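Close look at the chain arrangement
Now for the letters of each chain:
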Amino acid sequence: MSSVLLRYHKLHGFVRDPELATSGSACFDLRCYLGTRKNVDCVDDRGKKVLTPVIEGLVDSERCRYISVLPGHTAMIPTGIILDIPDGHVVKIYGRSGLSMRGLPLANSVGIIDSDYREEIFILLRNTKKSNEIIQHKKRVAQMSLEEVCAINLVEISDKPDRIGSRSGGFGSTGVN
């Protein structure tokens, strides 16, 4: 297996490094970094930008900083990490299954970070539940992988492509079983 160097910069000394949870992990975990922020940008269920305050308090008997994401809101969760993605590669951001089960999936299904993006990585989490959801400082919020991008030459053709094989029908035509 070949290895590619993915360099990163921590915006603050207390930002946790991206890390593999186990020796068999395919993706690196990214964590919420609230630091000294007073607010986190969110979008409400009508698409209006709102500020969600960072709270200091007890969560599960533990003193911490956190945000409470309202139902239907999407939060831009800061990570405190800037990536130096090598040319010819892309970083893909995936949701964590435990957060998705709690009603906090990635808002954009898979996040795409291009090699020329050099700003802080934010994770878009959407609260799909009918109650507030807590996101704690330093907790894992997403996973990232580095993938090679192949060069694509896109060419328009004038005729519709011929069918391949016996398939007939379009979207959803193969059924659910």
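These remarks concern the structure in this document. Just so you know, these numbers come straight off a predicted model, no measurement behind them.

Notes on the pairing of strand β8 (residues 89–94)
Where β8 meets strand β12 (residues 140–148), six bridges bridge the pair, whose relative direction is antiparallel. When the sheet's bridge partners are listed, Lys92 is paired in β12 with Ser145. With four bridges joining them, β8 and strand β9 (residues 110–113) adopt antiparallel strand pairing. Across the sheet, the residue bridging to Ile93 is Gly111, located in β9.

Thoughts on the sheet that holds strand β5 (residues 55–59)
Within a sheet, adjacent strands bond to each other through the backbone by hydrogen bonds, running parallel or antiparallel. As summarised here, the arrangement of the three strands in space is β5-β6-β11, forming an open sheet in which the pairing is antiparallel. Among the strands making up the open sheet, the edge pair consists of β5 and β11 (133–136). Ignoring which end each strand starts from, the neighbouring axes of this sheet average 60° apart. By the bridge criterion, five bridges tie β5 to strand β6 (residues 62–69) in an arrangement that is antiparallel. Note on β6: the bridge partner recorded for Val59 is Glu62.

Calculation criteria
- Residues numbered from 1 in each chain as written.
- Predicted model: local features only at pLDDT ≥ 70, side-chain atom pairs only at ≥ 80, totals over all residues.
- Heavy atoms only, no water.
- Pairing = 2+ DSSP bridges.
- Helix = DSSP H or I, 4+ residues; strand = E, 2+ residues; numbered from the N terminus.
- Axes fitted to C-alpha atoms, helices over the stretch in contact; angles between N-to-C directions.

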